[in-house]
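Summary of the model geometry
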Amino acid sequence: MITLDQKAEILLKYFRENKSQRAISKELGISRTTVQKYIKEFQSKNERLQELAKGEERNKAEILLLIEEMASKPKYDTSNRKKVKLTDEVMEEIDKLILLNERNKELGRAKQLMKKIDVHEALIDKGYDIGYTTVCNYIKETYEQKEAYVRQEYTLGEVLEFDWGEVKLTINGKNTTLNMGLL
C-alpha cells in the first residue's frame, strides 16, 4: 500500500525534478502502473481545479473539496478482492474442527474444546499456510453469536449463590459423570 508520503514523493519527483515514470518507479520500488495512476489522477484533478478557478466565488466549495482530495492519502477498494488463503478446502477443515468441538460440548467435555489458537495450530500442522487472524475472523463470522450480559452489583454480604455442576470424563474408556457444588 502506498502512503501519503510516497504519493507526495511520486508527484514531487515527476513535476519538480522532471524524472520519468520509469525512473521514479525504480527509485521508489513502486510499480510503474501505480506511479502512472497517481500522476494521471493528480493531472486530471489539477485541470479541473484550473477550470473551477475561473469562476472562483461560485465554485469555492467544490475547489476546497478537490484540493482536499488531491492532498488526501490514497484510498483502496478492497471490497472485490478474492480471499487467497482462506480457500474452500481450509474452510472445510475449520468446519470439521468446529464440529469436533460441538461433539465434545455435547459430551460435556467443555475443558477439551479447541480454542481459536488450537484450530490455527491444527491447520498449520496439516500444512496449510494461513494466518491466525484469518482463522479467527472466519470462526467469528460463521459460528459466533453475540451475547449480551447484564452486570449486577451487590453490596458485600447481600447475596449468596450456590450452583451445582457436572464434570463428564472418560476414564478407562468408560464415560463418568461427577457432580460438584459451588458456593
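Here's what I pulled together on the structure shown here.

Thresholds, definitions, all that
Residues numbered from 1 in each chain as written. Predicted model: local features only at pLDDT ≥ 70, side-chain atom pairs only at ≥ 80, totals over all residues. Heavy atoms only, no water. 1 Å grid on protein atoms, 1.4 Å probe; cavity = no way out; pocket = protein on both sides within 12 Å on 5 of 7 lines; lining within 4 Å. Points joined across faces, edges and corners; volume = space filled by probe spheres on them. Helix = DSSP H or I, 4+ residues; strand = E, 2+ residues; numbered from the N terminus. Nonpolar A, V, L, I, M, F, W, Y, C, P; charged D, E, K, R; others polar. Salt bridge = Lys/Arg side-chain N within 4 Å of Asp/Glu carboxyl O. Buried < 20%, exposed > 50% of the residue type's maximum accessible area, 1.4 Å probe, protein only.

1. A word on the layout of surface pockets
- Approximately 310 Å³ is the volume found for the largest pocket.
- Together, 13 residues line the largest pocket, and Ile 98, Asn 101, Glu 102, Lys 105 and Met 114 are the ones closest to its centre.
- Mapped by element, the contributors of at least two residues to the lining of the largest pocket are helix 5 (88–106) and helix 6 (116–125).
- For the lining of the largest pocket, the element with the highest residue contribution is helix 5, accounting for 4 residues.
- In terms of residue class, the lining of the largest pocket is built from 7 nonpolar, 1 polar and 5 charged.

2. Focus: the pattern of salt bridges
- What the rule picks out here adds up to 13 salt bridges.
- Put simply, Lys 13 and Glu 17 hold a salt bridge, and the shortest N to O gap is 4.0 Å.
- On the accessibility criterion, Lys 13 (9% relative accessible area) is buried.
- Judged by relative accessible area, Glu 17 falls into the partly exposed class, the value being 45%.
- A salt bridge links Glu 27 to Lys 19, with the nearest nitrogen and oxygen atoms 2.7 Å apart.

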